[in-house]
Amino acid sequence: ALLQNKENTPSGITSVAIGSKDMGDEGMIAFCEGLEESNGGLLQCLDFGWKNLGKEGVQAIGRTFATSKYLTHIDLSRNNAIGSEGIKCIANAAKEKSENGTVAFPSLEKMILSECNIDSTGVQSLTDIIIGADNNRSKPIYLAISSNPLGSEGCGELSKLCAIPGKGSMISHLHLSQCSIGDEGIKLLSSAAISNSCIGLTVLDLSGNSITKDGVKVFAESLGESWPDLVELKMAKNELEGDGVTSMMGALIARRDGTTDEPAGKKNTTLQNLDLSCTNCGIEGAKAALMGGGLSTLRMFNNRLGSDGFNSLSSLLQGGHPSIENLDLGGNDAGEEAVVALLNAIADTQEGEASSKLSVLEIGGNKFGEEAMVALNELKQVWPLLDVAHDNPVEDAQEEELLE
């Protein structure tokens, strides 16, 4: 039974995360049976990740919650048996339950479908759920669909959600990592964005998608104008190389009127967080990222920059950085002398003239010994609030002993 609070508003259980990986379709159908008459009751959040659900289980969810005015979050991740057929089933069930012209799951804010074995045909059915027949959903949703075999064809379907003519994007956060989209997939997204700007999309995660410099160069052509609200971009674990990263950073500092001749350091449009970890960005790509102004978080973990890379970046980090607050240079295998040079550069404020926002520096996975510790202590005298994450100091004799 529903309870009444002092304001005479129904109250009761609003979030559910129950069952085990053995719950299966039978358990889900049993769970939904008691809620179908009340359209899901007051439940706002459903967490049924890793419950061995298939198409019959998610079909029951569609029947029960399609018209719920309360449900905002659905997590069905790690249910590989759902597949594209399961997404079609939940879409059809929701469509049958909803009235003509009414969008399914009208209050939906967040949907997590990672590791559900969904391909491009599943995305097509997902489009029916999110935008409905009359494209009348009121606000964009958060969509996590990572680790699914979408391929490049899936990007063609996703573009129907992200680049709607006259409306922009019905997705605010798109997590699309490890979906095998490749260069063709990012080209499809870019082309759609150029035709119809992805207004409202703030977070885009394309990590681990076999994107190369060829694909990212096409993506760069769309960055200047077609992603006006993009705040966070993750391109980690793609072989972008220096040319690809440089092209992308050049587009980010371009003016909104389409010019591309802005000086280095000019504030980019809206992007604040950029992940370039494991992209083989090279020294030139890393320098371009540091000079791309306006970023507050920049991750360049594991790019094999080495000592030469750290020495090159030191000149760009003299006295800190004017916009970057969190800088990750971990895992780049730089020698201790280069690490010391980097720390000394950040400490060099040229008699107090520097203005730095740098608050977190990650340099683990680079040689850090006693000399680096001395440099760090000196740096702390200049920037006492700067948090530096590093490996424990290891003296040369200890390191040789460990290697033996």
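Scroll up for the structure.
Note that the structure is a prediction, hence the values are computed from the model and not measured. (Residues numbered from 1 in each chain as written. Predicted model: local features only at pLDDT ≥ 70, side-chain atom pairs only at ≥ 80, totals over all residues. Heavy atoms only, no water.)

Asker: Which residues make up the overall build of the protein chain, and what are the values?
Answerer: When helices and strands are counted, the protein chain shows 13 helices and 15 strands. Relative to its full complement of 404 residues, the protein chain shows a buried share of 51%. For the protein chain, contacts bridging at least 24 residues in sequence account for 84% of all contacts bridging at least 6. Taken as a whole, the protein chain presents about 18200 Å² of accessible surface, with 46% of it coming from carbon and sulfur. (Helix = DSSP H or I, 4+ residues; strand = E, 2+ residues; numbered from the N terminus. Buried < 20%, exposed > 50% of the residue type's maximum accessible area, 1.4 Å probe, protein only. Contact = heavy atoms within 4.5 Å. Areas by Shrake-Rupley, 256 points an atom, 1.4 Å probe, with all protein chains shown as cover.)

Asker: Any chance you could break down the environment of leucine 274 for me, citing the residues and the numbers?
Answerer: With respect to the helices and strands, the residue leucine 274 is situated in strand β11 (residues 273–275). Taking the C-alpha atoms as reference points, leucine 274 and methionine 235, 39 residues apart in sequence, are found 7.7 Å from one another. Non-local contacts of leucine 274, meaning those with residues more than four positions away in its chain, are made with Leu233, Met248, Met249, Leu295, Thr297, Leu298 and Arg299.

Asker: Can you tell me about the packing of aromatic side chains, naming the residues and giving the values?
Answerer: Counted according to the given criterion, the structure contains 2 aromatic pairs. With a centroid separation of 5.3 Å and an interplanar angle of 70°, the aromatic rings of phenylalanine 31 and phenylalanine 48 are classed as edge-to-face. Note that phenylalanine 31 is positioned in helix α1 (residues 24–33) and phenylalanine 48 in the loop between β4 (45–47) and α2 (55–65), a separation of 17 residues in sequence. A centroid spacing of 5.7 Å and a plane angle of 65° characterise the contact between phenylalanine 219 and tryptophan 227, whose relative ring orientation is edge-to-face. Of note, lysine 110 hangs over the ring of tyrosine 142, and the distance from its end group to the ring centre comes to 4.4 Å. (Phe/Tyr/Trp six-rings, centres within 6.5 Å; stacked < 30°, edge-to-face > 60°. Lys NZ or Arg CZ within 6 Å of the ring centre and 35° of its normal.)

Asker: Describe the packing of helix α5 (residues 151–162) against helix α6 (residues 182–195), naming the residues involved and giving the relevant values.
Answerer: One can describe the packing of α5 onto α6 by two numbers: an axis separation of 7 Å at closest approach and a directional angle of 15°. Of the possible angle classes, the one that applies to α5 and α6 is roughly parallel. Two packed elements cross with a definite hand, and for α5 against α6 that hand is right-handed. Here Ser152, Cys155, Gly156 and Ser159 of α5 come into contact with α6, specifically with Glu184, Gly185, Leu188, Leu189 and Ala192. (Axes fitted to C-alpha atoms, helices over the stretch in contact; angles between N-to-C directions. Parallel < 35°, antiparallel > 145°, perpendicular 65-115°, else oblique. Left-handed = near helix turned anticlockwise from the far one by under 90°.)

Asker: Would you mind going over the environment of lysine 380 in detail, with residue names and values included?
Answerer: Counting through the fold element by element, lysine 380 comes out in helix α12 (residues 370–382). Judged by relative accessible area, lysine 380 falls into the partly exposed class, the value being 29%. Residues lysine 380 and alanine 347, spaced 33 residues apart in sequence, show a C-alpha to C-alpha distance of 8.1 Å. The residues touching lysine 380, leaving out its near neighbours within four places in the chain, are Leu386, Asp387 and Val388.

Asker: Pulling in residues and values, what's your account of the pairing of strand β8 (residues 171–175)?
Answerer: Looking along a regular strand, one sees the side chains alternate between the two faces of the sheet. Burial runs high along β8: 4 of the 5 residues are buried. In the sheet, strand β7 (residues 141–144) pairs with β8 via 4 bridges, with the strands oriented parallel. Counted as the bridge partner of alanine 144 is histidine 175 from β8. Between the parallel pair β7 and β8, the chain is carried across by α5, and the sense of this crossover is right-handed. Sheet topology places β8 next to strand β9 (residues 203–205); 3 bridges connect them, and they run parallel. Counted as the bridge partner of histidine 173 is valine 203 from β9. Handedness of the β8-α6-β9 crossover: right-handed. (Pairing = 2+ DSSP bridges. Right-handed = clockwise from strand over helix to strand, strands pointing away.)

Asker: Break down a negative patch on the surface for me, citing the residues and quoting the values.
Answerer: Among the surface-exposed residues, Asp214, Glu239, Glu241 and Asp243 lie close enough to one another that they form a single negatively charged patch. Inspection of the secondary structure puts aspartate 243 in helix α8 (residues 241–252). (Patch = residues over 30% accessible without salt bridge, like charges linked within 9 Å, V, L, I, M, F, W, Y side chains within 5 Å. Salt bridge = Lys/Arg side-chain N within 4 Å of Asp/Glu carboxyl O. Lys, Arg positive; Asp, Glu negative; His and termini not counted. Charge placed at Lys NZ, Arg CZ, Asp CG, Glu CD.)

Asker: Describe the packing of helix α4 (residues 120–131) against α5, with residues and values.
Answerer: Contact pair α4 / α5: the axes reach a minimum separation of 8 Å and the direction vectors enclose 10°. In terms of axis orientation, α4 runs roughly parallel to α5. Together, Ser120, Val123, Gln124, Thr127, Ile130 and Ile131 of α4 and Glu153, Gly154, Glu157, Leu158 and Leu161 of α5 make up the contact between the two elements. Each residue belonging to the contact of α4 with α5 can be placed in one class, and the counts come to 5 nonpolar, 4 polar and 2 charged. (Nonpolar A, V, L, I, M, F, W, Y, C, P; charged D, E, K, R; others polar.)

Asker: Got a sec to walk through the pairing of β7? Specific residues and values, please.
Answerer: For strand β6 (residues 110–112) and β7, the ladder comprises 3 bridges, and the chain directions are parallel. Within the sheet, the bridge partner assigned to lysine 110 lies in β7 and is tyrosine 142.

Asker: Give me the environment of isoleucine 61: which residues, what numbers.
Answerer: With respect to the secondary-structure elements, isoleucine 61 resides in helix α2. Look at isoleucine 61 and you get buried, because its relative accessible area is 0%. When the C-alpha positions of isoleucine 61 and methionine 28 are compared, they lie 7.9 Å apart, and in sequence the two are 33 residues distant. What isoleucine 61 contacts, discounting residues up to four positions off in sequence, is Met28, Cys32, Ala66, Leu76, Ile90 and Phe105.

Asker: Could you give me a rundown of α5, with the residues and numbers involved?
Answerer: Over its 12 residues, α5 extends 17 Å from the first C-alpha to the last, a length consistent with the 16 Å expected when each residue adds 1.5 Å. With 9 of 12 residues buried, α5 is to be regarded as a mostly interior element. For α5, the set of buried residues is Gly151, Ser152, Gly154, Cys155, Glu157, Leu158, Ser159, Leu161 and Cys162. Contacts made by the buried residues of α5 are with α4, β7, β8 and α6. (Expected span 1.5 Å × (residues − 1).)

By themselves, these observations are geometric and do not establish any function.
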